[in-house]
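# Inside the fold
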Amino acid sequence: MRLLSTSCGWNREDNRGRVLNSGMIYLLLLLCVILTCHGCPDKCLCVSQTVKCQNQDLNDIPHSLPNNTKVLFVTGNDISGISVDSFPTRLELLTDLYLSGNEIESVDVQAFENLPNLVRLDLSNNNILNFSERAFPSENKVQVLNLSSTFHNHTFMDEFLGFLQSGNLDQLTVLDLSNNDLVILPDDIFSSLSHLVNLSLQNSSIISIPNGTLKVPLRDLDLRDNSLRDLPTATLVQFDHKPGLRIQLAGNPWRCDCFIEDMLLWLKNTTQIVDRQYLTCADPEALRRSHLLHLELSQLKCLGDMEGVLETSYVFLGLVLALIGVIFLLVLYLNRKGIKRWMYNIRDACRDHMEGYHYRYEINSDPRLANLSINSDV
């Protein structure tokens, strides 16, 4: 009986402990659910430490974000600018911020000041006109920056991309500037990005590789679908000094004439161009769509260029001569009366002169008139 009683008492205490533990776990789960629901902004979805506010026609970034937010998506809305008021509370855990497709035009001073641990920032598919050099905190941790399809006016490119030269993104390793209207990048624009290893300039109308691009420790450089016609010898030398660099060049309109000889020789002996088998000629017409790797130096001629120059010169000469002719006719027309009078005077002078010759001829031909002429002279 004593053993039975002891056993029953132990079972009751064990059951009571189990019920108590289950209750505590339930209360904790309920509390977490309540806090999560309470902290999730309107029109947003909160799952664990990820907040998604996508395609909700928001005009501003929601302010009531949970303090434990690690990943934030605010995409496809109508947010015109990012300022210090966009993140009024400090989010210590936020590492990933996606702001793609919001029609953002400005990123103001201290816009990301309250995001000290931000690592990945996506600002793609916006229309940024102003990007402050002091948008990021002085000791930020941004490593990945996506600015694809963001800058569409190359006239003010120096001003737009000035924040890259400020030296405030020294932890940046990946930069995406693809699908922008860049054309010509400022010199040494990437020189302050001392950790940059991956740079994408795809489809950005680039006509030349800016000085200083290869001064950073790049490992991957994407230059596909730009407007490159050839690569200068100096650029090829810089490529050779970075044997670990991998470059993509397909989709550029290469001009296959005598000026591309150095590039062609280099291309056939390098392994740095990962898509070299896809490089084709755009000019001249005879070599269009020919693969650069299959070209022989004997096929690279400058004759076509000289013919074009001569043809242009002939056309220009013809236009000049036509203009001179028009001016001459115009002068004749404006002075037609004076010219007519001048021609009449010449005609009269010629007539008088001819009459004098005729008179002398008649005198010389008649002996009687000749003697008369001699006597009259005496």
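Each remark here, short or long, concerns the structure printed above.
In this report, we go over the structure that sits alongside the text. Everything numeric in this text was worked out from a predicted model, so none of it was measured. (Residues numbered from 1 in each chain as written. Predicted model: local features only at pLDDT ≥ 70, side-chain atom pairs only at ≥ 80, totals over all residues. Heavy atoms only, no water.)

### Quick word on the sheet that holds strand S6 (residues 106–107)
Where strands meet in a sheet, backbone hydrogen bonds hold them as pairs that are either parallel or antiparallel. Spatial ordering of the open sheet is given by S4-S6-S8, a layout of three strands whose pairing is parallel. Each having just a single partner strand, strand S4 (81–82) and strand S8 (130–131) make up the two edges of the open sheet. (Pairing = 2+ DSSP bridges. Helix = DSSP H or I, 4+ residues; strand = E, 2+ residues; numbered from the N terminus.)

### Observations concerning the state of the cysteines
Scanning the model with the defined rule gives three disulfides in all. The side chain of Cys40 participates in a disulfide bridge whose partner is Cys46; the two sulfur atoms lie 2.1 Å from each other. Taking the sign of the torsion about the S-S bond as the criterion, the disulfide between Cys40 and Cys46, at about 95°, is right-handed. According to the relative accessible area criterion, Cys46 is buried, its value standing at 16%. Here Cys44 engages in a disulfide with Cys53; their sulfurs sit 2.0 Å apart. Linking Cys44 and Cys53, the disulfide has an S-S dihedral of approximately 110° and is accordingly described as right-handed. An identical accessibility class is assigned to Cys44 and Cys53; each is buried. (Disulfide = S-S within 2.5 Å. Buried < 20%, exposed > 50% of the residue type's maximum accessible area, 1.4 Å probe, protein only.)

### Digging into the packing of aromatic side chains
Inspection of the entire model under this criterion finds five aromatic pairs. Measuring from ring centre to ring centre gives 6.1 Å for Phe131 and Phe136, while their planes differ by 25°; the resulting arrangement is stacked. Phe136 sits in the buried class, given a relative accessible area of 5%. When the ring of Phe131 is compared with that of Phe163, the centres are 3.8 Å apart and the planes differ by 15°; the resulting orientation is stacked. Here Phe163 lies in the loop between helix H2 (157–160) and strand S10 (174–176) and Phe131 lies in strand S8, a separation of 32 residues in the sequence. The same class applies to Phe131 and to Phe163, which are both buried. The rings of Phe112, Phe131, Phe136 and Phe163 are connected pair by pair, giving a single aromatic cluster. The cationic tip of Lys52 hangs over the ring face of Phe73; the distance from NZ or CZ to the ring centre is 5.6 Å. (Phe/Tyr/Trp six-rings, centres within 6.5 Å; stacked < 30°, edge-to-face > 60°. Lys NZ or Arg CZ within 6 Å of the ring centre and 35° of its normal.)

### Points about empty space enclosed by the protein
Considering all chains together, one arrives at one cavity of 30 Å³ or more under this definition. Empty space within the largest cavity amounts to approximately 30 Å³. (1 Å grid on protein atoms, 1.4 Å probe; cavity = no way out; pocket = protein on both sides within 12 Å on 5 of 7 lines; lining within 4 Å. Points joined across faces, edges and corners; volume = space filled by probe spheres on them.)

### Here we look at the nonpolar core
Counting residues in hydrophobic clusters, the biggest one holds 78 residues, and the most contacted among them are Phe112, Leu161, Phe163, Leu175, Leu177, Phe190 and Leu292. Elements with a minimum of two residues in this core: H2, helix H3 (233–240) and helix H4 (261–267). For this core, the leading source of residues is H4, giving four residues. What Leu175 contacts, discounting residues up to four positions off in sequence, is Leu145, Leu147, Leu164, Phe190, Leu193, Leu196, Asn198, Leu199 and Ser200. (Core = buried A, V, L, I, M, F, W, Y, C linked by side-chain atoms within 4.5 Å. Contact = heavy atoms within 4.5 Å.)

### What about a negative patch on the surface?
Together, Asp57, Asp78, Glu103 and Glu105 line one region of the surface with negative charge. Mapped onto the elements of the fold, Asp57 is located in the loop between strand S2 (50–52) and strand S3 (71–73). (Patch = residues over 30% accessible without salt bridge, like charges linked within 9 Å, V, L, I, M, F, W, Y side chains within 5 Å. Areas by Shrake-Rupley, 256 points an atom, 1.4 Å probe, with all protein chains shown as cover. Salt bridge = Lys/Arg side-chain N within 4 Å of Asp/Glu carboxyl O. Lys, Arg positive; Asp, Glu negative; His and termini not counted. Charge placed at Lys NZ, Arg CZ, Asp CG, Glu CD.)

### Examining the sheet that holds strand S9 (residues 144–146)
Taken in spatial order, the 10 strands of this open sheet run S1-S2-S3-S5-S7-S9-S10-S11-S12-S13, and their pairing is mixed. Edge positions in the open sheet fall to strand S1 (45–47) and strand S13 (246–248), since each of these has one partner strand only. Direction aside, neighbouring strands of the sheet carry axes that sit 5° apart on average. Two strands pair when backbone bridges link them, and strand S7 (residues 120–122) and S9 are joined in this way by three bridges, in the parallel orientation. Bridge pairing in S9 places Asp122 opposite Asn146. (Axes fitted to C-alpha atoms, helices over the stretch in contact; angles between N-to-C directions.)

### Focus: the pattern of salt bridges
Pairing between side chains of opposite charge can happen when the charged atoms of each approach one another. Evaluation of the coordinates by the stated rule reveals nine salt bridges. Close ionic contact of Arg224 with Asp222 constitutes a salt bridge, the shortest N to O distance being 2.7 Å. With relative accessibility at 25%, the residue Arg224 sits in the partly exposed group. Of the charged contacts in the structure, one is a salt bridge between Asp283 and Arg229, with a shortest N-O distance of 2.6 Å. In this pair, Asp283 sits in strand S15 (residues 281–283) while Arg229 sits in the loop between strand S12 (220–222) and H3, placing the two residues 54 residues apart along the sequence. Owing to a relative accessible area of 18%, Asp283 belongs among the buried residues under this scheme. A network of salt bridges, in which partner residues are shared, links Arg229, Arg255, Asp257, Asp283, Glu285 and Arg288.

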